[in-house]
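Architecture and fold: a report
Letter by letter, the chains look like this.
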Amino acid sequence: MTIKADHRHLYLQVIDRLKSDIETGVFKENEKLPSEFELSKSLGVSRATLREALRLLEEENVIVRRHGVGTFVNPKPLFTSGIEHLSSISSMIETAGMEPGSRFLKATETVPSDEDLKRFQCDDEDKILTIERVRTADGEPVVYCIDKLPASFLPTDFVDKKEVSLFSALEQSGKIHVAYAVTYIDPVGYHEQASPILNCGRETALLVLKQLHYDDHDQVVLYSKNYFRADKFSFHVVRKRV
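A brief structural summary. (Residues numbered from 1 in each chain as written. Predicted model: local features only at pLDDT ≥ 70, side-chain atom pairs only at ≥ 80, totals over all residues. Heavy atoms only, no water.)

**Thoughts on the overall build of the protein**
From N to C terminus, the protein includes eight helices and 10 strands. In terms of overall dimensions, the protein is more spread out than a globule: its C-alpha atoms have a radius of gyration of 22 Å, far above the 18 Å expected for 242 residues. Each principal axis of the C-alpha distribution contributes one length, and for the protein these read about 70 × 45 × 35 Å. Long-range pairs, those at least 24 residues apart, make up 55% of the contacts in the protein between residues at least 6 apart in sequence. Element-wise, carbon and sulfur atoms account for 50% of the exposed surface of the protein, whose accessible area totals about 14200 Å². Counting 32 positive and 38 negative side-chain charges, the protein places the averaged centre of each group 8 Å from the other. (Helix = DSSP H or I, 4+ residues; strand = E, 2+ residues; numbered from the N terminus. Rg over C-alpha atoms; globule rule 2.2 N^0.38 Å. Contact = heavy atoms within 4.5 Å. Areas by Shrake-Rupley, 256 points an atom, 1.4 Å probe, with all protein chains shown as cover. Lys, Arg positive; Asp, Glu negative; His and termini not counted. Charge placed at Lys NZ, Arg CZ, Asp CG, Glu CD.)

**Overview of the environment of K225**
Inspection of the secondary structure puts K225 in strand β9 (residues 220-229). Exposure remark for K225: the relative accessible area of 23% places this residue in the partly exposed category. Sequence-distant contacts of K225, defined by excluding residues within four places in its chain, comprise Y144, C145, I146, V208, L209 and K210. (Buried < 20%, exposed > 50% of the residue type's maximum accessible area, 1.4 Å probe, protein only.)

**Re helix α3 (residues 47-59)**
For α3, which comprises 13 residues, the first-to-last C-alpha distance of 18 Å matches the rise-based estimate of 18 Å (1.5 Å per residue) to within 8%. For α3, the full list of buried residues reads T49, L50, A53, L54, L56 and L57. Seen along its axis, α3 keeps its buried residues to an arc of 165 degrees; they face one direction. Along α3, the residues that are exposed and aim more than 90 degrees away from the buried face are A48 and E59. On the buried face of α3, the contacting elements are α1 (10-23), α2 (36-43) and β1 (63-66). (Expected span 1.5 Å × (residues − 1). Arc of directions from axis to C-beta.)

As structure tokens, this is what we get:
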């Protein structure tokens, strides 16, 4: 089918054609696309039409345009999940047919900051535990996790065990049940701390999920900041009309 075979706007036809070419392997993941001049000529459209199509494809994260370098095909995310359900990173990795793993980095105890006192409604004498881990898929690092919570919420031997699920450890005593979370998602570029840990170059974007986990009494019991490789993960939400 040529670009001018139907009555839709030309830029929509260009989008469909480029998506089809990517899907069928004409243009492969991480491959550089031909120049705007070459693409517009081969598709039989103006460069203005092509630019509008490329702009929308970039918004959809299908391609990425690097200033002074060119336009590249983004790899498809290996893991995808709806954020309306509180599912674990491990289950997302398992759903993709890969082996989840965890690499413990460090755990530190500090006195609560003013923000911690407000967030967890704890006392000045309480200790705040910060745990840093890397989650892996088939041994490859894909998520850098920073978790903060009052140390008293966890068994005293949690840090020694390292591989135990944080949710399971939280609920071990039977006094805490994680009921829901409020999540904030921010896209970021290169991150001086997280990107090297995840073996990311400067061209690889990250998705930061900041989550406040609440118990059945609407009390915050865990604060998480997780850095996901944007080339590996995508998130979606189902929105219902009201």
